[in-house]
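Per-entry structural report
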Amino acid sequence: MSILKFLGLAGNPGHTSHSGETDTVRKIVQKLDSLPEDQARYIAAFAYLLSRVARTDLHVSPEETAAMERIVVTQSGLPEELAPLVVQIAKSQNLLFGATEDWLVTREFEHMSTREQKLAALDCLFAVAAADNNITSEEDHVVKQISEELKLYHSDYIAARLRFKEHLAVLKLGKS
């Protein structure tokens, strides 16, 4: 069975499913149709969250893109050859619809993931922000916002942030 048919999207591209499926996630899911439905939806939302952090400064660097591709493969079990496609689609969707989709996709990810997956995602968000060895205050803020939207504790955010403290721009200011 097609993942689109399972989600009630086949034949009606403008329709949003009752499960809260967003256009962003649906477009990525179309490319992942051969995967189990739940896995494809998870990967689509996860990749979008990574792109949300990468695009904080309105530009996604090659380092951030490479980090996103590595993370999508290692964290989701996605075949390596599909990672560039998934990341590119997520980046494009974020560019086009970021302002309206950010919270919706994060909410969807929050509903479908376990606490352990959310904590792993939090580390991955910091890893993308640190891809250029510099986590800006803006990137840090977006990661904190996503952490809150995922209903993680503030202590979870602080613990993850501490694992990347050498990349925090705010801590580098006095070291020049």
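Below you will find a few notes about this structure. If you're wondering where the values come from, they're calculated on a predicted model, not measured in any experiment. (Residues numbered from 1 in each chain as written. Predicted model: local features only at pLDDT ≥ 70, side-chain atom pairs only at ≥ 80, totals over all residues. Heavy atoms only, no water.)

Their axes nearest at 7 Å, the elements helix H3 (residues 37-54) and helix H5 (residues 83-112) cross at an angle of 115 degrees. For the element pair H3 / H5, the angle class is roughly perpendicular. The handedness of the crossing between H3 and H5 is left-handed. For the contact of H3 with H5, the class distribution of residues is 14 nonpolar, five polar and six charged. (Axes fitted to C-alpha atoms, helices over the stretch in contact; angles between N-to-C directions. Helix = DSSP H or I, 4+ residues; strand = E, 2+ residues; numbered from the N terminus. Parallel < 35°, antiparallel > 145°, perpendicular 65-115°, else oblique. Left-handed = near helix turned anticlockwise from the far one by under 90°. Nonpolar A, V, L, I, M, F, W, Y, C, P; charged D, E, K, R; others polar.)

The biggest cluster of nonpolar side chains holds 44 residues, and the ones touching the most others in it are Phe46, Leu50, Val72, Leu78, Phe109 and Phe126. Sorting the residues of this core by element identifies H3, helix H4 (62-76), H5, helix H6 (115-129), helix H7 (137-149) and helix H8 (154-163) as the ones contributing at least two each. Counting residues per element, this core draws most heavily on H3, which supplies twelve residues. Look past the residues within four positions of Val72 in its chain and what remains in contact with it is Ile43, Phe46, Ala47, Leu50, Gly77, Leu78 and Val87. (Core = buried A, V, L, I, M, F, W, Y, C linked by side-chain atoms within 4.5 Å. Buried < 20%, exposed > 50% of the residue type's maximum accessible area, 1.4 Å probe, protein only. Contact = heavy atoms within 4.5 Å.)

Here we take up a negative patch on the surface. A cluster of acidic residues, Asp57, Glu63, Asp132 and Glu138, forms a negative patch on the protein surface. Its relative accessible area of 51% is what places Glu138 among the exposed residues. (Patch = residues over 30% accessible without salt bridge, like charges linked within 9 Å, V, L, I, M, F, W, Y side chains within 5 Å. Areas by Shrake-Rupley, 256 points an atom, 1.4 Å probe, with all protein chains shown as cover. Salt bridge = Lys/Arg side-chain N within 4 Å of Asp/Glu carboxyl O. Lys, Arg positive; Asp, Glu negative; His and termini not counted. Charge placed at Lys NZ, Arg CZ, Asp CG, Glu CD.)

Attention shifts here to H4. Between its terminal C-alpha atoms H4 stretches 21 Å, which fits the 21 Å expected from 15 residues at 1.5 Å a residue. Listed as buried for H4 are Glu64, Thr65, Ala67, Met68, Ile71, Val72 and Ser76. Axial view of H4: buried residues confined to an arc of 160 degrees, hence all on one face. Residues of H4 that are exposed and point more than 90 degrees away from the buried face comprise Pro62, Arg70 and Thr74. Check the buried side of H4 and you find it contacts H3, H5, H6 and H7. Among the residues trailing H4, Gly77 stands out with phi positive, at a value near 75 degrees. (Expected span 1.5 Å × (residues − 1). Arc of directions from axis to C-beta.)

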